[in-house]
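# Geometric and topological summary
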Amino acid sequence: SSHIQVLARKKVREIQAAIKVTNMDQAVKDKALQSMAAMSSAQIVSATTIQHKLGLPGIARPSFQAAPGFWHSVIPTGQPGSSQDVKPFAQQPYAGQPAVTTPISGYESTAAPTPSVPAWQGRSIGTSKLRLVEFSAFLEQQRDPDSYNKHLFVHIGQTNHSYSDPLLESVDIRQIYDKFPEKKGGLKELYGKGPHNAFFLVKFWADLNCNIQDDAGAFYGVTSQYESSENMTITCSTKVCSFGKQVVEKVETEYARFENGRFVYRINRSPMCEYMINFIHKLKHLPEKYMMNS
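Since this is a predicted model, take the numbers as computed values, not measurements. (Residues numbered from 1 in each chain as written. Predicted model: local features only at pLDDT ≥ 70, side-chain atom pairs only at ≥ 80, totals over all residues. Heavy atoms only, no water.)

## Considering the overall build of the protein
Worth spelling out the cut-off: Secondary structure follows DSSP: runs of H or I at least 4 residues long count as helices, runs of E at least 2 residues long count as strands, and numbering of each begins at the N terminus. Think of it in three bands: residues with accessible area under 20% of the maximum for their type are buried, residues over 50% are exposed, and the middle band is partly exposed, with areas taken using a 1.4 Å probe on protein chains only. Contacts are assigned to residue pairs with any non-hydrogen atoms lying within 4.5 Å of each other. Each accessible area value is a Shrake-Rupley result obtained with a 1.4 Å probe; residue values ignore everything except the protein chains displayed when judging cover.
Across its full length, the protein holds five helices and nine strands. Counting from the amino terminus, the protein carries its helices and strands in the arrangement α-α-α-β-β-β-α-β-β-β-β-β-β-α. Within the protein, the proportion of its 294 residues that are buried is 42%. Within the protein, contacts between residues at least 6 apart in sequence are counted, and of these 71% link residues at least 24 apart. Accessible surface, the protein as shown: approximately 17300 Å² in total, 52% of it carbon and sulfur.

What follows is the structure in structure tokens.
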């Protein structure tokens, strides 16, 4: 599968380059990129021909619902405290996602195509029902009575996705079963209940490059925001696991606020648990910095 993904990445780059230099309407180009993004690596590699008038490499039309089998990239990084690698687990097609059945000859139309799914779907942490918009873990320290210094340990921010962005890469969930409890309510049982497309693995580097003082005025917090097209009540369960065992859990309930045509859920400045605060302090007090990553 790794070899197929490598070939698929190469072919995707070739097709994207060909589409960009082709004299077509931008809306038509976006539609072509969207159709290609919905294909699996195997489909991309086995694609044969495309309309001669476009002069592009082959894009085969999938005969089933457009859900990628192997996704081939990661969310870009570069901001302090935001280095992250987001991957969904191998999953079923998104709920409500229609099959891609439009033949390539349909590109002759000059009318702007209507995307079947939003650009962020398959490229960010979320499903057709609920999406994570932003997540941060931070430390606030009071400098003086009127000002605070805020340091971000981790930050997953908002991104404006387009259909030309690569989809996320899928991983086999069995690779990490041993990192989570095996008993009732563990990852294996939750994944078995599904839906499978609601599970994501996020790996990141935490930025501990800050001065941490044992100060009663310091506040360790977590803020997260979600959005949905549905009005519902969500329950956010945060669990800390160490050597495959759960050591602490916090459960929070949040209600929807209707903003700009969507329902928004914010868990703002939730206090970080003592276990994680102590863990951060222990990392900071290690004799050598390289030990933090071991």
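## Overview of helix α5 (residues 274-284)
Test applied: Note that the arc is defined by the directions from the helix axis to the C-beta atoms.
Those residues of α5 that fall on the buried side of the exposure criterion are Ile277, Ile280, His281 and Leu283. Down the axis of α5, the buried side of the element spans an arc of 160°, and every buried residue falls inside it. Away from its buried face by more than 90 degrees, α5 exposes Glu274 and Lys282. Structurally, α5 contributes buried residues whose contacts are with β3 (147-156) and β5 (219-228).

## Some words on the nonpolar core
Let me state the cut-off plainly: For the purposes of this section, nonpolar cores are sets of buried Ala, Val, Leu, Ile, Met, Phe, Trp, Tyr and Cys residues that join through side-chain atoms within 4.5 Å.
One finds Leu139, Phe153, Ile212, Tyr220, Met272 and Ile280 to be the most contacted residues of the largest nonpolar core, which totals 14 residues. Per element, the largest residue contribution to this core is three residues, and it comes from α5. One finds Ile156, Met232, Ile234 and Cys236 within the second-largest nonpolar core, a separate group that totals twelve residues.

## As for the environment of glutamine 142
With respect to the helices and strands, glutamine 142 occurs in strand β2 (residues 131-144). C-alpha of glutamine 142 to C-alpha of glycine 217: the two residues are 75 residues apart in sequence and 6.3 Å apart in space.

## Some details on the pattern of salt bridges
Basically, it comes down to this: Any Lys or Arg side-chain nitrogen found within 4 Å of a carboxyl oxygen on Asp or Glu counts as a salt bridge.
In this structure the tally under the stated criterion is seven salt bridges. Here aspartate 172 ties to arginine 174 by a salt bridge, and the two come within 2.6 Å at their closest N and O atoms. On the accessibility criterion, aspartate 172 (28% relative accessible area) is partly exposed. In this structure, arginine 257 and glutamate 254 form a salt bridge, with 3.0 Å as the shortest nitrogen-oxygen distance. Assessed through its relative accessible area of 43%, arginine 257 is described here as partly exposed.

## Section: the pairing of strand β7 (residues 245-255)
The following threshold applies: In this analysis, strands are considered paired if DSSP registers two or more bridges between them.
As judged from the ten bridges shared by strand β6 (residues 233-242) and β7, these two strands associate in the antiparallel manner. Among the inter-strand pairings, cysteine 236 is bridged to a residue of β7, identified as glutamate 252.

## Concerning the packing of aromatic side chains
Each aromatic ring pair is specified by the distance between its two centres and by the angle formed by the two planes. Spelled out, the test is: Here a Phe, Tyr or Trp ring, Trp counted by its six-membered ring, pairs with any other such ring whose centre lies within 6.5 Å, and the pair is stacked when the planes are under 30 degrees apart, edge-to-face when over 60, and tilted otherwise. Charge-over-ring placement is defined geometrically: NZ (Lys) or CZ (Arg) within 6 Å of the ring centre, and within 35 degrees of the ring normal.
For the structure shown, the criterion picks out four aromatic pairs. Measuring from ring centre to ring centre gives 6.3 Å for phenylalanine 153 and tyrosine 220, while their planes differ by 5°; the resulting arrangement is stacked. A residue pair is termed long-range when its members are at least 10 positions apart, and phenylalanine 153 in strand β3 and tyrosine 220 in strand β5 qualify at 67 residues. With a relative accessible area of 3%, phenylalanine 153 lands in the buried category. The interplanar angle of 80° and the centroid separation of 5.1 Å between the aromatic rings of tyrosine 191 and phenylalanine 199 together place this pair among those described as edge-to-face. Judged by its relative accessible area of 14%, phenylalanine 199 falls in the buried class. Taking NZ or CZ as reference, lysine 150 lies 4.4 Å from the ring centre of phenylalanine 138, over its face.

## Examining the sheet that holds β5
In sheet architecture, strand pairing relies on hydrogen bonds along the backbone and comes in two forms, parallel and antiparallel. Test applied: Lines are fitted to the C-alpha atoms to define the axes, a helix being fitted only along its stretch in contact, and any angle between axes, read from their N-to-C directions, falls within 0 to 180 degrees.
Taken in spatial order, the five strands make up an open sheet running β3-β2-β5-β9-β8, and their pairing is antiparallel. Each edge of the open sheet is held by one strand with a lone partner, namely β3 and β8 (257-259). The mean angle between the axes of side-by-side strands here comes to 30°, regardless of whether they run parallel or antiparallel. Judged from the nine bridges that link them, β2 and β3 form a sheet pairing that is antiparallel.

## Here's the deal with the pairing of β5
Counting buried positions along β5 gives eight out of ten residues, so the element sits mostly inside the fold. Bridge count for β2 against β5 is nine bridges, and the pairing is antiparallel. Bridging across to β5, leucine 139 finds its partner in tyrosine 220. Bridge count between β5 and strand β9 (residues 262-271): seven bridges; the pairing is antiparallel. Paired with valine 222 across the bridge in β9 is serine 270.

Take it as geometry only, folks, not as evidence of what the structure does.
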